[in-house]
Amino acid sequence: MASLNVGSLGEYIREQRRNAQYSLRQLAEAAGVSNPYLSQIERGLRKPSAEILQQIAKALRISAETLYVQAGILEERRGEGLELRASILADPLINERQKQALLAVYDAFLKENAASAPRSEADGPATPHTHREDR
């Protein structure tokens, strides 16, 4: 997974905001964050929490998972478990440490299942998170 690049997250949010034809103030209001805080996020000076990213995504009408991937919170995958991960990260009833613990357990289960999944020789080597369709 690529290292966190807060600057590129901010640039991405700014680009999405401009595409949605929102001013900084309008997006801040729609997302329920302060104007200066959103400005700091866009300039790469602040790293927003998963909850703030979810609020920004909702205001921009884009998926929170997209922002989580941009922020380095989630690895880009082919849709496997993203909704569950996003729900865990956005849950306001548990703290960040608890969220990370839940995600670690989930990842451990995925690795365990991938290691024990039966394969035939025709399948070739296991390549989790990739699919090939021949037409």
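Scroll up to find the structure this text is about.
This write-up is about the structure you can find in this document.

Definitions and limits used
Along each chain, residues carry numbers from 1 onward, in the same order as the chain's sequence is written. At least 70 in pLDDT is required for a residue's local features to be given in this predicted model, at least 80 for side-chain atom pairs to be given and counted, and no such filter applies to totals for whole chains, interfaces and linings, which use all residues. By convention in this description, side-chain values take in all heavy atoms of the structure and omit both hydrogens and water. Should a side-chain nitrogen of Lys or Arg be within 4 Å of a carboxyl oxygen of Asp or Glu, the pair is scored as a salt bridge. Secondary structure elements follow DSSP: runs of H or I of four or more residues count as helices, runs of E of two or more count as strands, with numbering from the N terminus. Note on exposure labels: buried denotes an accessible area under 20% of the residue type's maximum, exposed denotes more than 50%, and partly exposed covers the range between, all computed with a 1.4 Å probe on protein chains only. Within this scheme, the nonpolar core is defined by two criteria: the residues are buried Ala, Val, Leu, Ile, Met, Phe, Trp, Tyr or Cys, and they are joined through side-chain atoms within 4.5 Å. Residue contacts are counted whenever heavy atoms from the two residues lie within 4.5 Å of one another. To obtain each axis, a line is fitted to C-alpha atoms, and for helices this fit is confined to the stretch in contact; angles are then taken between N-to-C directions over 0 to 180 degrees. For classification purposes, an angle smaller than 35 degrees is called roughly parallel, one larger than 145 roughly antiparallel, one from 65 to 115 roughly perpendicular, and anything else oblique. Left-handed describes a crossing whose near helix is turned anticlockwise from the far helix by less than a right angle; the clockwise case is right-handed. Gly counts as polar in this scheme, as do all residues outside two lists: the nonpolar Ala, Val, Leu, Ile, Met, Phe, Trp, Tyr, Cys and Pro, and the charged Asp, Glu, Lys and Arg.

Digging into the pattern of salt bridges
When the charged atoms of two side chains lie near each other, side chains of opposite charge can form a pair. As enumerated under the stated definition, the model contains 4 salt bridges in all. In this structure, Arg 14 and Glu 42 form a salt bridge, with 3.4 Å as the shortest nitrogen-oxygen distance. One end of the pair, Arg 14, is in helix 1 (residues 6-19); the other, Glu 42, is in helix 3 (residues 35-42), and 28 residues separate them in sequence. Given a relative accessible area of 4%, Glu 42 falls into the buried group.

Observations concerning the nonpolar core
Within the largest apolar cluster, 28 residues are counted, with the highest numbers of intra-cluster contacts made by Ile 13, Ile 56, Leu 67 and Tyr 68. Secondary-structure elements contributing two or more residues to this core are helix 1, helix 2 (24-31), helix 3, helix 4 (50-60), helix 5 (64-71) and helix 6 (82-90). Setting aside residues up to four positions removed in sequence, Tyr 68 forms contacts with Ala 50, Leu 53, Gln 54, Ile 73, Leu 74, Ala 86, Leu 89 and Ala 90.

Section: helix 6
Every buried residue of helix 6 is accounted for by Leu 82, Arg 85, Ala 86, Ile 88, Leu 89 and Ala 90. The secondary structure elements touched by the buried residues of helix 6 are helix 4, helix 5 and helix 7 (96-116).

Points about the packing of helix 6 against helix 7
Look at helix 6 against helix 7: their axes get within 9 Å of each other, and the N-to-C directions meet at 160 degrees. Considering their axes alone, helix 6 and helix 7 lie roughly antiparallel with respect to each other. The way helix 6 lies across helix 7 gives a crossing that is right-handed. Touching Leu 84, Arg 85, Ile 88, Leu 89 and Ala 90 of helix 6 are Lys 99, Gln 100, Leu 102, Leu 103, Tyr 106, Asp 107 and Leu 110, all from helix 7. Partitioned by chemical class, the residues of the contact of helix 6 with helix 7 number 8 nonpolar, 1 polar and 3 charged.

Re unusual backbone geometry
Where the residue is not glycine, phi is negative for most of them; where a peptide bond is considered, it is trans in most cases. Phi is positive for Gln 21, which is not a glycine, with a value near 60 degrees. Within the secondary structure layout, Gln 21 lies in the loop between helix 1 and helix 2. By relative accessible area, which is 70% here, Gln 21 ends up exposed. Even without glycine at this site, Arg 61 takes up a positive phi of about 60 degrees.

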